[in-house]
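The chain contents come next:
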Amino acid sequence: MTLSRKAESNHNIVFDCKYHVVFCPKYRKKVLKEPIDTRLKSLFLEKSKALNTEIVEMEIMPDHVHLLIKCDPQFGIHKVVKHLKGYTSRVLRLEFSHLKSRLPSLWTNSYFVATVGTVQRDVIKKYIESQKERGE
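Residues numbered from 1 in each chain as written. Predicted model: local features only at pLDDT ≥ 70, side-chain atom pairs only at ≥ 80, totals over all residues. Heavy atoms only, no water.

1. Topic: the pairing of strand 3 (residues 18-23)
Line of reasoning, step 1. Burial analysis of strand 3 places five of its six residues in the buried class, which makes it a mostly covered element.
Line of reasoning, step 2. When strand 3 meets strand 5 (residues 64-70), the two strands line up antiparallel, connected through six bridges. Across the sheet, residue Val-22 finds its bridge partner in strand 5, namely His-66.
Line of reasoning, step 3. Here five bridges tie strand 3 to strand 6 (residues 112-116), and the two strands are oriented antiparallel to one another. When the bridges of strand 6 are listed, Tyr-19 appears paired with Thr-115. (Buried < 20%, exposed > 50% of the residue type's maximum accessible area, 1.4 Å probe, protein only. Helix = DSSP H or I, 4+ residues; strand = E, 2+ residues; numbered from the N terminus. Pairing = 2+ DSSP bridges.)

Listed below in structure tokens is the structure:
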């Protein structure tokens, strides 16, 4: 029985880990508007490719960002978010100088993250039970 059809491998483990991530600009300022939002999307895609992760879904609101990220659990979602926030902050503040004067840093230190299940609990339970039955 296959648990997931879209699993990936890093030569060590097979995984299908997706995370819903939300974070905001400092002081929840509404600075993520055109043309910044368009540039931010391209920067997220560029950096995620360099990190060997995938942004499955993305929505940029004026005062917060929603990302659905698929990443290697050995690399970790914390590192992915840290790299995405650091890179985009640096580039956007260079390209849009008004961001430097309005904000001491682009992003808050905090963020929300939740795992997104690909397999329902009852399916996993049945799979594990069937493995036990096979082993007897």
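Continuing now.
2. Concerning the nonpolar core
Line of reasoning, step 1. If you look at the biggest cluster of nonpolar residues, it comprises 29 residues, and the most contacted ones within it are Phe-44, Val-65, Leu-67 and Ile-69.
Line of reasoning, step 2. Looking at this core, the elements that each hand over two or more residues are strand 3, helix 1 (36-50), strand 4 (54-61), strand 5 and helix 2 (77-95).
Line of reasoning, step 3. Broken down by element, this core gets its largest block of residues, seven residues, from helix 2.
Line of reasoning, step 4. When residues no more than four places from it in sequence are discounted, the contact partners of Val-65 are Val-21, Val-22, Phe-23, Leu-32, Leu-40, Phe-44, Glu-59, Ile-60 and Trp-107. (Core = buried A, V, L, I, M, F, W, Y, C linked by side-chain atoms within 4.5 Å. Contact = heavy atoms within 4.5 Å.)

3. Section: unusual backbone geometry
Line of reasoning, step 1. With an omega of 0 degrees, the peptide bond running from Glu-34 to Pro-35 counts as cis.
Line of reasoning, step 2. Topologically, Pro-35 is positioned in the loop between strand 3 and helix 1.
Line of reasoning, step 3. Within the chain, Tyr-27 stands out as a residue other than glycine whose phi angle is a positive 60 degrees.
Line of reasoning, step 4. Within the secondary structure layout, Tyr-27 lies in the loop between strand 3 and helix 1.
Line of reasoning, step 5. Even without glycine at this site, Asn-52 takes up a positive phi of about 65 degrees.
Line of reasoning, step 6. Mapped onto the fold, Asn-52 is located in the loop between helix 1 and strand 4.

4. So, the pattern of salt bridges
Line of reasoning, step 1. Across all of its chains, the model carries five salt bridges by this definition.
Line of reasoning, step 2. A salt bridge links Asp-16 to Lys-18, with the nearest nitrogen and oxygen atoms 2.9 Å apart. Grouping residues by exposure puts Asp-16 and Lys-18 together as buried.
Line of reasoning, step 3. The shortest N-O distance in the salt bridge between Asp-63 and Arg-28 comes to 3.1 Å. Linking Asp-63 in the loop between strand 4 and strand 5 with Arg-28 in the loop between strand 3 and helix 1, this pair joins segments that are 35 residues apart in sequence.
Line of reasoning, step 4. Residue classification places Asp-63 among the buried residues on the basis of a relative accessible area of 14%.
Line of reasoning, step 5. On the basis of relative accessibility, which here comes to 45%, the residue Arg-28 falls in the partly exposed class.
Line of reasoning, step 6. A network of salt bridges, in which partner residues are shared, links Glu-8, Asp-16, Lys-18 and Lys-70. (Salt bridge = Lys/Arg side-chain N within 4 Å of Asp/Glu carboxyl O.)

5. Structural notes on the sheet that holds strand 6
Line of reasoning, step 1. Spatial strand order, 4-5-3-6: four strands in an open sheet with antiparallel pairing. Strands at the two margins of the open sheet, each flanked by one partner only, are strand 4 and strand 6. Each strand axis lies, on average, 15 degrees off the axis of its neighbour in the sheet, ignoring direction.
Line of reasoning, step 2. The strands touched by helix 1 are strand 3, strand 4 and strand 5; relative to strand 4, the strand with the most contacts, the crossing angle is about 160 degrees. (Axes fitted to C-alpha atoms, helices over the stretch in contact; angles between N-to-C directions.)

6. Section: the packing of aromatic side chains
Line of reasoning, step 1. Within the structure shown, the criterion is met by two aromatic pairs.
Line of reasoning, step 2. Measuring from centroid to centroid gives 6.1 Å for Phe-23 and Phe-44, while their planes differ by 85 degrees, and the two rings are edge-to-face. With Phe-23 in strand 3 and Phe-44 in helix 1, this residue pair connects regions lying 21 residues apart in the sequence.
Line of reasoning, step 3. Phe-23 sits in the buried class, given a relative accessible area of 2%.
Line of reasoning, step 4. Centre to centre, the rings of Phe-23 and Trp-107 are 4.8 Å apart; their planes meet at 90 degrees, and the pair counts as edge-to-face. On the criterion of sequence distance, the pair formed by Phe-23 in strand 3 and Trp-107 in the loop between helix 3 (98-102) and strand 6 is long-range, its members being 84 residues apart.
Line of reasoning, step 5. An aromatic cluster is defined as three or more aromatic residues linked by ring pairs; in this entry it consists of Phe-23, Phe-44 and Trp-107.
Line of reasoning, step 6. Positioned above the aromatic ring of Tyr-87, the side-chain terminus of Lys-47 is 5.2 Å from the ring centre. (Phe/Tyr/Trp six-rings, centres within 6.5 Å; stacked < 30°, edge-to-face > 60°. Lys NZ or Arg CZ within 6 Å of the ring centre and 35° of its normal.)

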